[in-house]
Every structure is written in structure tokens, then in C-alpha cells.
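Results of the structural survey
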Amino acid sequence: MSAAARRAHWRDLVERRLPEAARPDWPVRLDHCFGRILLDHACGGPWRDQVRPPAHATLPLDQLETAIALGEAVLAGHADLALLNRRSLAWRGKIPPAPVPAIRDGGLILRRWRPEDAAPFAALNADPAVMAHFPRPRTGAESAAEAGLLDRRFVADGFGPWALEHDGRFVGFAGAMRILRPLPFPGGDRPGSTVELAWRLAREAWGRGLATRAARLALADLAGRCGIRAVVAFTAVGNVRSRAVMERLGMAPSGTFPHPAVPEGPLREHVLYRLDGADREEAA
């Protein structure tokens, strides 16, 4: 389908289909409110901070597809519009954020992101070894955008992928985030309802058990402070390092799926792992 057709699809979705389908229990029913919610989620924050209006004409197509997929999930009853609305309002400062205390365990600190993390995070994302199981390394601009997106997860949800500091140095991230793009596995088709555990560490931090240690701390915080006890994790099938971390955490393999954001090739097939509250207690 052409770009013009997708942009027309977006306008029809927001201006006609969603308002016509609005239910009494939905928090919004006007076209601009649906647009706000979906565009904010496509941009990972207030959309006007990143895209000039009109968004239907200027939003990059990959972000437009994200917004369309989320809107279609709302229409199908697969996404919680109230949750999405709360996240959008939190990003816009309409809902006061809850305090998010850092987590400390000896020389390892899980904390919110800082501007000075930009350079080491860009170096990490430019390292071919670190990014071997991603389609390609990130540019500096992409890394800066990603760091902002990761930190804004804390504003929207009260949890997110923590910046990791070990012995005073930034070494990567580890933590949890809501899956907001439909993915082809059970639960992944319900954006916002499934929480993913993820990590990425600089090469010099490998081999010290830091990923497992940080993930355990993040899981304990997620369960104790946020009341979320079930998570998934996934990676390219050939990523034996990450799979070993998942298994050390007590996660159980739950099949494979083709990741829609990864081009055709050896990295597209991903393996899925799950951990629920009972599993976690056994693994502790």
C-alpha cells in the first residue's frame, strides 16, 4: 500500500472509525483525543515535541504504522484505551508522577537516565559485538532518541529500563517495559498488557554476572513496588548470551516467533521466554 494510502487510512481511523466506535466506558470519544493518544505512543512522548503538525502529513511512516496498529488494536478490543490515555496524560504533565527511587546493590546502581549517559550509550550502541543480534548498530542520534524513550517509560508507567551504573561508570541498561506494538505471540497481540524484561550492556561489562544481577533487582522492584509479577523476554534465536541470562533468571522457553520489526534473515526468528510470580519464587 502506498504512503498516501496509509496516511488516508490513518485519517479515516482517527476521524471516523474510532469516534463512531466510542463506547461509554472509553475515556475519550473525540477525534483529536484519539489522535493525541495514538500519536504520543508512536512518538514515545508528546508528539508535537517531535513532529510538526499536521501529523498525518509529517509523521514518519514507521511511526505512522505504529500509531495505526495501536488504533486498530483499540478497535478490536485488544488494547486498553484507559491505560493508553493515562500514559499520554502523564507524559503531558497532567498526572503527577510517582517518585521512582534508585536501586543500589553494592557498586551496582539502577537509576533514571542522565544527560551524561548519552556518550557511553552511543558507544555501546555503535559496538558491532554488542549489536550483533540487532539488524544494525545505532547512530548517535538514534541512541539519544532511544535513551529519551527509555527514560520516559518511567513517567508513563512508574517503571522502565534502568540506566546501569557499576563502580561509578555507566555500563548499559536493564529493566522492564510495556509492549506497545502488537507482536505475534500469545499476549503480544494485546498492546500494553504484556511487560518485557530487557537489558543491553557494554562489552567491557560482560562476563561479570551484571545482566543477571541487574535483572533480578529490576524484577524484585517490579513485583514489590509496581505489583507486576509476570514478564516475558525475547531475543534472536542465536543470541546464546541473552538466552543464558533468561534461563538463570528461571524463565521458561515458550516457543519462537518472527519479529515484525526485523528484516527477513537469520535474526528475524526470535525465541520467547516467560516468567510468572510462581516461577520467580522458585528461582529466588
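Structure: see above.
Everything in this summary refers to the structure shown in the same document. (Residues numbered from 1 in each chain as written. Predicted model: local features only at pLDDT ≥ 70, side-chain atom pairs only at ≥ 80, totals over all residues. Heavy atoms only, no water.)

A short note on the nonpolar core
As a rule of thumb, soluble globular proteins bury nonpolar side chains together. Leu110, Trp199, Val231, Leu249 and Met251 are the most contacted members of the largest nonpolar core, which has 34 residues in total. Going through the elements one at a time, strand S2 (108-111), strand S3 (161-166), strand S4 (169-178), strand S5 (195-201), helix H8 (210-226), strand S6 (231-236), helix H9 (240-248) and strand S8 (269-275) are the ones with two or more residues in this core. If one sorts the elements of this core by residue count, H8 sits on top with eight residues. In terms of nonpolar packing, the next biggest core, distinct from the first, is built from 27 residues, Trp47, Ala67, Ile68 and Ala73 among them. (Core = buried A, V, L, I, M, F, W, Y, C linked by side-chain atoms within 4.5 Å. Buried < 20%, exposed > 50% of the residue type's maximum accessible area, 1.4 Å probe, protein only. Helix = DSSP H or I, 4+ residues; strand = E, 2+ residues; numbered from the N terminus.)

Here's the deal with helix H2 (residues 31-43)
In this model, H2 (13 residues) spans 18 Å end to end at C-alpha, consistent with the 18 Å of a helix rising 1.5 Å per residue. Burial of H2 is extensive: eleven of the 13 residues sit out of reach of the surface. Tucked inside the fold, the buried residues of H2 contact helix H1 (3-21), helix H3 (55-58), helix H4 (61-75), helix H5 (81-91) and helix H7 (140-157). Just beyond H2, the residue with positive phi is Gly44, at close to 70°. (Expected span 1.5 Å × (residues − 1). Contact = heavy atoms within 4.5 Å.)

Remarks on H7
The end-to-end C-alpha distance of H7, which contains 18 residues, comes to 26 Å, matching closely the 26 Å that a straight helix rising 1.5 Å per residue would cover. Those residues of H7 lying buried are Ser143, Glu146, Ala147, Leu150, Asp151, Arg153, Phe154, Ala156 and Asp157. The inward-facing, buried residues of H7 contact H5, helix H6 (118-126), S3, S4 and S5. Looking at the residues trailing H7, positive phi occurs at Gly158, about 85°.

What about the environment of Leu124?
Within the secondary structure layout, Leu124 lies in helix H6. Using a relative accessible area of 3% as the deciding quantity, one classes Leu124 as buried. Considered as a pair, Leu124 and Leu83 are 41 residues apart in the sequence and their alpha carbons are 33 Å apart.

Section: the side chain of Asp127
With respect to the helices and strands, the residue Asp127 is situated in the loop between H6 and H7. Residue classification places Asp127 among the buried residues on the basis of a relative accessible area of 14%.

What about the environment of Leu180?
Looking at where Leu180 falls in the secondary structure, it is placed in the loop between S4 and S5. For Leu180 and Pro97, which are 83 residues apart along the polypeptide, the C-alpha to C-alpha distance reads 20 Å.

Re the packing of H5 against H7
Direction vectors running N to C along H5 and H7 enclose 115°, while the axes themselves pass 8 Å from each other. The angle between the axes of H5 and H7 places the two elements in the roughly perpendicular class. The two elements H5 and H7 meet at a crossing, and its hand is right-handed. In contact with Arg87, Ala90 and Trp91 of H5, H7 contributes Arg152, Arg153, Val155, Ala156 and Asp157. Per-class residue counts for the contact of H5 with H7 are four nonpolar, no polar and four charged. (Axes fitted to C-alpha atoms, helices over the stretch in contact; angles between N-to-C directions. Parallel < 35°, antiparallel > 145°, perpendicular 65-115°, else oblique. Left-handed = near helix turned anticlockwise from the far one by under 90°. Nonpolar A, V, L, I, M, F, W, Y, C, P; charged D, E, K, R; others polar.)

Function cannot be inferred from these measures alone, as they are strictly geometric.
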